[in-house]
Every structure is written in C-alpha cells, then in structure tokens.
Amino acid sequence: MIKRVRVRFAPSPTGGLHMGGVRTALFNYLFAKKHGGDFILRIEDTDQTRFVEGAEEYIINALKWCGIAPNEGVGFGDGPHKPYRQSERKELGIYKTYADKLIGSGHAYYAFDTSQELDEMRKRMEAAKVVAPQYNAITRQNMRNSLTLSEDEVKKLLENGTPYVVRLKVPRNEEIRFQDIIRGWVTVNSSQVDDKVLLKSDGMPTYHLAHIVDDIEMQISHAVRGEEWLPSAPAHILIYRYLGLENEMPLLAHLPLILNPDGNGKISKREARFPVFPLSWKDPREETPYIGYKESGYYPEAFVNILALLGWNPGTNEELFSVEELGKIFDFDRVHKSGAKFDPEKAKWFNQQYLRKKSDAELAEAFKPVLKEKGIVRDDKFIEEFCKLLKEKVQFTHEFWEQGKYVFEMPAHYDEKVITKKWNETSKDLYTKLLTRLENLSNWDAIILHDDFALAQTEIGKLDMQLVRVLITGVAGGPQLFDLLALLGKEESLTRLRTALSKLS
RNA sequence: GGCCCGUUCGUCUAGGGGUUAGGACACGUCCCUUUCACGGAUGAAACACGGGUUCGAUUCCCGUACGGGCUACCA
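Reading the values: the criteria
Residues numbered from 1 in each chain as written. Chains lettered and ligands numbered in written order. Predicted model: local features only at pLDDT ≥ 70, side-chain atom pairs only at ≥ 80, totals over all residues. Heavy atoms only, no water. Buried < 20%, exposed > 50% of the residue type's maximum accessible area, 1.4 Å probe, protein only. Helix = DSSP H or I, 4+ residues; strand = E, 2+ residues; numbered from the N terminus. Pairing = 2+ DSSP bridges. Right-handed = clockwise from strand over helix to strand, strands pointing away. Salt bridge = Lys/Arg side-chain N within 4 Å of Asp/Glu carboxyl O. Near = heavy atom within 4 Å. Polar contact = N/O pair within 3.5 Å; in protein donor to acceptor, adjacent residues only side chain to side chain. Nonpolar A, V, L, I, M, F, W, Y, C, P; charged D, E, K, R; others polar. Core = buried A, V, L, I, M, F, W, Y, C linked by side-chain atoms within 4.5 Å. Contact = heavy atoms within 4.5 Å. Axes fitted to C-alpha atoms, helices over the stretch in contact; angles between N-to-C directions. Parallel < 35°, antiparallel > 145°, perpendicular 65-115°, else oblique. Left-handed = near helix turned anticlockwise from the far one by under 90°. 1 Å grid on protein atoms, 1.4 Å probe; cavity = no way out; pocket = protein on both sides within 12 Å on 5 of 7 lines; lining within 4 Å. Points joined across faces, edges and corners; volume = space filled by probe spheres on them. Domains from an automatic or database assignment.

### A look at the pairing of strand 10 (residues 251-255)
A regular strand carries its side chains on alternate faces of the sheet. Strand 10 sits mainly inside the fold: four of its five residues count as buried. Here strand 9 (residues 222-226) pairs with strand 10 via five bridges, running parallel. For Val224, the partnering residue across the bridge sits in strand 10 and is Ala253. Handedness of the strand 9-helix 8 (residues 233-242)-strand 10 crossover: right-handed.

Encoded structure:
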C-alpha cells in the first residue's frame, strides 16, 4: 500500500520565521506538490515559556507571501485532523493517552526529580569526569522515579499531586538503525540517547512525544525537518517502536542547514548583514525590528527561487524556476547532505532576473509610490518610459530612484570629474551653439536627435557626449542619451542645458 | 569533551573508477554601446590530507584534519 503524501511544516511560535524555516517549509510544499499530496501547517506551541506574541500570525503571513500556502492547518482552514495547534490538542488529552500507553507497556516511567536534584546529579557526574551527564539507564537508578521508588510511594506521590514528568525508558546498550531519505542509513547506540522527557510537569508534551503523536494521527507520510533533529531521531524511532507504530511511522528526511555566508554556523538574525526574515519582524521583546526580504525589495518569486537552490538543484544548468515549475521537478533525491552558505550577492542577482521579466507597466506601478512620497507628479506613460530606460540598470525597484532621480529633478551640481576633465574655455561657445541648433529642431525624438547630433559635429565642432550628459543630468552615467533627451522633452532638456551653461561660466 | 552528519573553484553547485573536472554569482580582460549598465566573448579559480582497493582513483573503503549539528521539563 502506498501512502498518500502528507507532509507538514511544524514551527514553534517562538519568534519570526527565518529563511531556514521558510526553506524547510518550501521543500515540504514542493514535495507535496510533486506527489499531489497535502501540505499541513501545525503549530508546535508546547513551550509556554517561549511563546511570542504575533509569531504564529507572522508564520502564516510569511508562507502566504512566499506563495507556499499549506492546504490544511492553522490559518489555512484547519482540516479533518483539527485542531492543529498542539496546545489545543493537549487539552483533548491526546498526548497523555500515548504517554500512558508507554507507561503501561513499561517503556516510560514517572520521574519526580526537581530541577535542583537534576542539577546536582549533573554536577556529581561532572565531578566524576563524566563528559556528558545524562538521565539514562545508569543514572536513573539513583534518581527519584517510578523505577526506583516502590509502587506505594509512587502512588502516594501521584495522589499528592507531586509534580512529575514522564520519561522514555531508553535501553542501556542497543543499536538503533534507521533510514533517512537524504542521508541513508544512520546507526546510533542507545547509550548515546538519554531518557527523554515525554510529558512535562505542566502536562504539556515535549516535541519528542508531540510530533510523533501528531504525525501518526495526522497520517503524515514524510517527516521533513532540519538537520538539527538528526541526533534525536533515534529516540523517536524508539518511541514509534514502543508504541507499536514502527511500520506506520513517516519516512524521515533531514535537510542540510543554511549557513552564514562569512564564517561559520547557522544564520544568526543578529549579526547578519542581509535580511534573514521574509517579512520584517518586530519581536515584542526587542527594540528594533528586523527588516525583511519583502521590505528590502525582493520579489517573493525571487526569494523562493534562491531558497530552492540552497541544498537542492535540478541537475541541469538552469537556475530560474517558478514555484510551479519547482513543484513539478523537486524531489529529495537531489537534496544535498551538506550545509550551504548563503550568498547575498547571488540573491541580488536572482532578484534582478525577476525584475527584468516584469513589464514596464508593472515596474511603473511599483515605482509610483516612491514618486508620490517625494511629491512628484508625472503621467503613467512618462513613468513607464522611465522604467523602460532604467530597468537594465537596477536590481530592485527602489533603485530606480537612486539611479534615475535626475530625470525628475534639475541637477544640483555637475559631476566634478567630468567637468574638470572636459570643460574648457571653448566649451561654453560650442555648447551654446548646440543649444541654438536644438532650439530650432522641430522634431524631438531619439532618432532625430541622434542624426542631428551627428550632423552638428560636422558643422559646429566635436561634441563630447558625456559632457552633454553631465550638462543635462549632472551625472556621468545613465541610459542612452538620446532616449533620455526624448524622455525629458525639448523644453526641459533645453532649460537644463541653458542652466548648465550659465552656471558653468 | 562525547555522539551524529558532512567536505568539488571565494560562494552555490554538475559530475562520478579513465573527463581539457562543466555551469552560475562575484572578480579580471576584450567586444558592443559617442557614457554606465545589459548582452556577447574570454581569463584566473576547485576534487582537504594520508593510507589502502584497482591497470587506473576526485569518484569506493579506512584513518586524519577541518566544518556543522546535538548534548534541557527548547523546539
């Protein structure tokens, strides 16, 4: 029997969703698309101490912006397995049922140790030169739990309402072998796995129990998550096994991490010199908000394209893909094992590629707010023409202004380098003659201007086109000069030329 | 420290027992353009190291080095 593909993205609402998380969501989404399956959003809010206001909403909005919306789950209409928020599922007693089952079969036990007692145990272990103190098959023998306490004592403690956790009883020395879709077979000895807490003293499940219960109940076919989960996967295998669900458990896929471009480690939101969040994120606990890809001028399709190629590739030389295309060709067999350093420079290039695919009208529409903000009024046709001229020069919409503001404003000063080099005592006379010629020109379009300039050179002397450009715009570079003159129009162009001539005397 | 995972140009990567080790970003040069950019061409640039296995290893195996992850009543 082949299971229907059902994958989930299951973040914790502990902050803004960063690009690594989005990439995990994306790969889940693409895999679901590829196999015509379901993509589910589950909110894993089992840690009440780390809950952050607005995080859940942010996650939902970010997925929407990226165009990788789940078809089931929190914020996306729920579905047959609702609720999809673990805190709500806990109220239903779902997790306790499974925990009780494990206790019943002797694979889990109650532990009454206080955090102080746990600290003391760790200190003792460290003093005894144990490098990694663990609550495990050895140390649990000296702790206060239902394995060391008598049945009566345990009963009494429970009746008295003594706080307890439920721990997984991990065997002392047993090979645990499991297959990962991306990494192949992984073998770990159970001596390396601690007796993981399954149910916390506040009654909430930990991730380890909760995700397993939910993946089973929600009929998840593939558990796709970051590499940071690989070390705890053996414990998860044990839980499935002790629950008698090993044959029903989802296939595992551990994704490589996205690494910091310079130096090492996972991308850090604090130190990064590039956006790490898709949308800007204001953490209620912090002063300054983080600016997002959206606010930095990235198109969602570019952002998604960048992410898709971090740790995966199509096996061809093509690099530009829409989400739809990716959903047809993506699969785990071409996902890497090793982490990928993120390159902000290449990210910009991707955005440029998408910007250039936009029509002049679309670009103009996006640029209008900038003009409006500056109090500049121009008709649509003018703005479109402007965008057409400058689109080859920009990577982001906001650069239209930086690159071409001289179209909308009279030059305040003239590029010094060019003036120093090219403006001499004969210039004023020469360009005044040019001005006179242009005043008499009846047609003002790029081709006519081009021809007339050529002709002018034979009649009034050699013109320096870059100098002309500087007289008109103030800056040394820009789009085709004749196109630019045509865009400015005769009156504006000549006014600028006159102004320059008088200022430069 | 221990455990797990990894390692092809600076970066993202293709490839995979016999290749001039391919592409993209960034960088250099040239062409196009009466400027800049775009585009085109081109250059520099990589199989971490040491042992095996093999006629032959960048490719397979083992070590080492390096990188990363994990090592909570966090996910």
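### Remarks on the pattern of salt bridges
A side chain of one charge can pair with a side chain of the opposite charge if their charged atoms are brought near each other. As enumerated under the stated definition, the model contains 37 salt bridges in all. Ionic pairing is found between Asp215 and Arg8, a salt bridge with its closest N-O pair at 2.8 Å. Of this pair, Asp215 sits in helix 7 (residues 207-217) while Arg8 is found in strand 1 (residues 6-9), placing the two residues 207 residues apart along the sequence. Note on accessibility: Asp215 and Arg8 belong to one class, buried. Residues Glu286 and Arg270 are paired through a salt bridge, measuring 3.4 Å at the closest nitrogen-oxygen approach.

### Side note on the protein's contact with RNA strand B
The environment of RNA strand B is formed by 59 residues, the closest being Arg183, Asn264, Asn313, Lys393 and Gln457. Counted by atom, the contact set of RNA strand B within 4 Å of the protein is 74% sugar and phosphate. Residue Asp113 places a main-chain N or O atom 3.1 Å away from a base nitrogen belonging to RNA strand B. The contact in question runs from a sugar or linking oxygen of RNA strand B to an N or O atom on the side chain of Gln466, over 3.4 Å. Every element with two or more residues in the surface near RNA strand B is listed here: helix 5 (115-127), strand 5 (165-168), strand 7 (184-189), strand 12 (340-341), helix 11 (344-357) and helix 18 (465-473). It is helix 11 that contributes the most residues to the surface near RNA strand B, four residues altogether. Across the surface near RNA strand B, the residue classes break down as 18 nonpolar, 18 polar and 23 charged.

### Observations concerning the nonpolar core
Counting 65 residues, the largest nonpolar core has Leu63, Ile68 and Phe342 as the members making the most contacts within it. With nine residues, helix 1 (residues 19-34) is the single largest residue contributor to this core. Not counting residues within four places of it along the chain, the set of residues in contact with Leu63 comprises Phe9, Leu17, Ala25, Leu41, Ile68, Ala69, Pro70 and Phe76.

### Notes on the packing of helix 7 against helix 8
Close contact between helix 7 and helix 8 brings their axes to 10 Å; oriented N to C, the two are set at 55 degrees. The angle between helix 7 and helix 8 falls in the class oblique. The element helix 7 and its partner helix 8 pack so that their crossing is right-handed. For the pair helix 7 and helix 8, contact is made by Tyr207, His208, His211, Ile212, Asp215 and Ile216 and by His236, Ile239 and Tyr240, respectively. Grouping the constituent residues of the contact of helix 7 with helix 8 by class yields five nonpolar, three polar and one charged.

### Side note on the layout of surface pockets
Taken as a whole, the largest pocket spans an internal volume of roughly 1,200 Å³. Ser12, Thr14, His18, Gly21 and Glu228 are the residues nearest the centre of the largest pocket, which is lined by 41 residues in total. The greatest single-element share of the lining of the largest pocket, amounting to six residues, is contributed by helix 1. Taken together, the residues that form the lining of the largest pocket break down as 15 nonpolar, 14 polar and 12 charged. When residues of the lining of the largest pocket are assigned to domains, at least three fall in each of domain 1 (6-74 + 211-259) and domain 2 (94-207). By volume, the second largest pocket is sized at about 280 Å³. For the second largest pocket, the lining is made up of 18 residues, of which Lys405, Tyr406, Thr473, Gly474 and Val475 are closest to its centre. Within the lining of the second largest pocket, the residues separate by chemical class into six nonpolar, six polar and six charged. Each of domain 3 (360-405) and domain 4 (416-504) contributes no fewer than three residues to the lining of the second largest pocket.

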